[in-house]
Protein chains: 2
Amino acid sequence: MSELVDRAGVPRATIKFYLREGLLTPGVGPTPDAPTAAADYTEDHLERVQLIRALTGASLPIGRIRTVLDALDATSETLYPAMGRALRALPPYLDESDEPLRALRILQRSGQTVDGPAARQLEHALRAADAAGVPLSDDDVVNYARAVRVIAEGEWARVAEQGDPRSAVRFAVLGTVLYEPVIAALRRLAHQDLARADSLDSTPDTTSENPTTDSSDT
Amino acid sequence: MSELVDRAGVPRATIKFYLREGLLTPGVGPTPDAPTAAADYTEDHLERVQLIRALTGASLPIGRIRTVLDALDATSETLYPAMGRALRALPPYLDESDEPLRALRILQRSGQTVDGPAARQLEHALRAADAAGVPLSDDDVVNYARAVRVIAEGEWARVAEQGDPRSAVRFAVLGTVLYEPVIAALRRLAHQDLARADSLDSTPDTTSENPTTDSSDT
């Protein structure tokens, strides 16, 4: 267990908590043959601890983490249903009562036949934009979908490179949780870079066009 | 105020809370000339209520909302610094102590000279992926940056279409908060669509290759 603590960079108490919650299976041994041997933790344990850490870091409650782990453990399943089951356990957790009618209409236009929690997530996001007075048109969303598809296809190629379905599901779930913030950060950085380029371009002009510039001290 | 409640779709108590917190300026009137007139709320008030709702919906605490609103109100500022100030108030709220060395190196490779909170956000996201055992190489991130740039440029064209700097900052901030979930949802949908296409392609083969399929009932 000491080695697991070191390699995973996780406190011993945390690992004991995972064991108590049944998220992590106990190490092998001590056995009746060798009752004083230390429990033996494998690469699988290390991988599992890293996975649980990533999911708690993404604010998943314990019950949802269990669902994701169960989906990953169901090695008999093919990729698609196992992935669907795991992704359903990821935030955001939205009300399931409404049919995501607009999202489904737009997805159909984009040639996608997918349903499920991500469609509701899209519907919810579109409504929030409407309510805030910055609505997206169907065309806007289709354009987004096209650009996002390029990103997803690049990622999907990496999922497909994983040897077995279990590694593929693991990679897909972790990628969803952990690469989403990478994409969000890069988008903000690109915006800032574009804003900066614009401000450099326009600096010589704005003072004459906008006499209130630098009035913040007055 | 009744009209504002109706049009914004926000409870009266919420609007009173915004007024008390100073997030919303009181309606014009009653004046000494017309002491019994109802306070008059304008389109600006409606817009402001929608904005505050969007920010609370994105889990911003009141203090941070005030910072965003202040940045939006500073109409004397040009777009770039106002946007930077507003974006710094958006989540995630990360420790500022570490230099985001890897993020800055990658951004430099992408030809971006931006610093600030989004660079730290990127650094944090890359570290989380490393820790979970699904690291991204610098090349991976540069590829992400390239694809995300396409999305950001499309959005930036819309920011630039806004008439005045104030509308542009408003659009940029709301777009960051409200379109991020749209992009996240579309990415998950694209993944599911790709997984589904793969599973349809491979269904006839997998049963022979993987004898454990459908063993979940045993």
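Residues numbered from 1 in each chain as written. Chains lettered and ligands numbered in written order. Predicted model: local features only at pLDDT ≥ 70, side-chain atom pairs only at ≥ 80, totals over all residues. Heavy atoms only, no water.

1. Quick word on the overall build of chain A
Line of reasoning, step 1. When its secondary structure is counted, chain A shows 9 helices and 0 strands.
Line of reasoning, step 2. When the helices and strands of chain A are listed from N to C terminus, the series reads α-α-α-α-α-α-α-α-α.
Line of reasoning, step 3. Counting over 218 residues, chain A shows a buried share of 44%.
Line of reasoning, step 4. Partitioning the contacts of chain A with sequence separation of at least 6, the portion at a separation of at least 24 is 55%.
Line of reasoning, step 5. In the form shown here, chain A has an accessible surface area of approximately 10900 Å², with 51% of it arising from carbon and sulfur atoms. (Helix = DSSP H or I, 4+ residues; strand = E, 2+ residues; numbered from the N terminus. Buried < 20%, exposed > 50% of the residue type's maximum accessible area, 1.4 Å probe, protein only. Contact = heavy atoms within 4.5 Å. Areas by Shrake-Rupley, 256 points an atom, 1.4 Å probe, with all protein chains shown as cover.)

2. Side note on the relation of the copies chain B and chain A
Line of reasoning, step 1. Overlaying chain B on chain A yields an RMSD of 0.0 Å, the required transformation being a rotation through 180° with an accompanying axial translation of 0.0 Å. Viewed as a symmetry operation, the transformation between the two copies matches a two-fold axis. By C-alpha distance to the rotation axis, the residue of chain B lying nearest is B:Ala147, at 3.7 Å.
Line of reasoning, step 2. Comparing interface residues between copies, 100% of those in chain B also sit at the interface in chain A, which points to an isologous, same-surface contact. (Least-squares fit on C-alpha atoms with pLDDT ≥ 70 in both.)

3. Some thoughts on the environment of B:Arg170
Line of reasoning, step 1. With respect to the helices and strands, B:Arg170 occurs in helix H9 (residues 165-209).
Line of reasoning, step 2. In this structure, the C-alpha to C-alpha distance between B:Arg170 and B:Leu55, residues 115 residues apart in sequence, is 12 Å.
Line of reasoning, step 3. What B:Arg170 contacts, discounting residues up to four positions off in sequence, is A:Ala132, A:Val134, B:Glu47, B:Gln50 and B:Leu72.

4. Description of the packing of aromatic side chains
Line of reasoning, step 1. Across all of its chains, the model carries 6 aromatic pairs over all chains by this definition.
Line of reasoning, step 2. Aromatic side chains A:Tyr179 and B:Tyr144 sit 6.2 Å apart centroid to centroid with 65° between the ring planes, which places their arrangement in the edge-to-face category. Note that A:Tyr179 is positioned in helix H9 (residues 165-209) and B:Tyr144 in helix H8 (residues 138-161), a pairing that runs across two chains.
Line of reasoning, step 3. Using a relative accessible area of 8% as the deciding quantity, one classes B:Tyr144 as buried.
Line of reasoning, step 4. Here the aromatic residues A:Tyr144, B:Phe171 and B:Tyr179 are joined through ring pairs into a cluster of three or more.
Line of reasoning, step 5. Looking at A:Arg64, its charged tip hangs above the ring of A:Tyr93, at a distance of 3.8 Å from the centre. (Phe/Tyr/Trp six-rings, centres within 6.5 Å; stacked < 30°, edge-to-face > 60°. Lys NZ or Arg CZ within 6 Å of the ring centre and 35° of its normal.)

5. A closer look at the interface of chain B and chain A
Line of reasoning, step 1. Across the boundary between the two partners, chain B contributes 76 residues, which contact 76 residues of chain A.
Line of reasoning, step 2. Buried area between chain B and chain A, both sides added, is near 7300 Å², and the carbon and sulfur share of it is 65%.
Line of reasoning, step 3. Among the residues of chain B in contact with chain A, B:Tyr80, B:Arg187 and B:Arg188 are the three that bury the most area, contributing 11% of the side total.
Line of reasoning, step 4. For B:Arg187, the salt bridge identified is with A:Glu180, shortest N-O distance 3.8 Å.
Line of reasoning, step 5. Linking chain B with chain A are 18 residue pairs in polar contact (both at pLDDT 80 or more).
Line of reasoning, step 6. Breaking the side of chain B that touches chain A down by element, the ones donating at least two residues are helix H3 (43-57), helix H5 (79-88), helix H7 (117-131), H8 and H9 of chain B.
Line of reasoning, step 7. Per-element accounting of the side of chain B that touches chain A gives the leading share, 27 residues, to H9(B). (Buried area = accessible area lost by both parts, 1.4 Å probe. Salt bridge = Lys/Arg side-chain N within 4 Å of Asp/Glu carboxyl O. Polar contact = N/O pair within 3.5 Å; in protein donor to acceptor, adjacent residues only side chain to side chain.)

6. A word on the pattern of salt bridges
Line of reasoning, step 1. Applying the stated criterion across every chain yields a total of 29 salt bridges over all chains.
Line of reasoning, step 2. Between B:Glu43 and B:Arg7 there is a salt bridge; the shortest N-O distance is 2.9 Å. One end of the pair, B:Glu43, is in helix H3; the other, B:Arg7, is in helix H1 (residues 2-8), with 36 residues separating them in the sequence.
Line of reasoning, step 3. Taking the relative accessible area as the measure of exposure, B:Arg7 reaches 46% and is therefore partly exposed.
Line of reasoning, step 4. Via salt bridges that share partners, A:Arg102, A:Arg105, A:Asp130 and A:Asp138 belong to a single interconnected network.

7. Topic: the environment of A:Asn143
Line of reasoning, step 1. Its location among the elements puts A:Asn143 in helix H8 (residues 138-161).
Line of reasoning, step 2. Distance in space between the C-alpha atoms of A:Asn143 and A:Ser110 is 9.1 Å, their sequence separation being 33 residues.

8. Details of H8(B)
Line of reasoning, step 1. Counted at 1.5 Å a residue, the expected span for H8(B) with its 24 residues is 34 Å, and the 34 Å between its end C-alpha atoms agrees.
Line of reasoning, step 2. Among all positions of H8(B), only B:Asp138, B:Val141, B:Val142, B:Tyr144, B:Ala145, B:Ala147, B:Val148, B:Ile151, B:Ala152, B:Glu155, B:Trp156 and B:Val159 are buried. (Expected span 1.5 Å × (residues − 1).)

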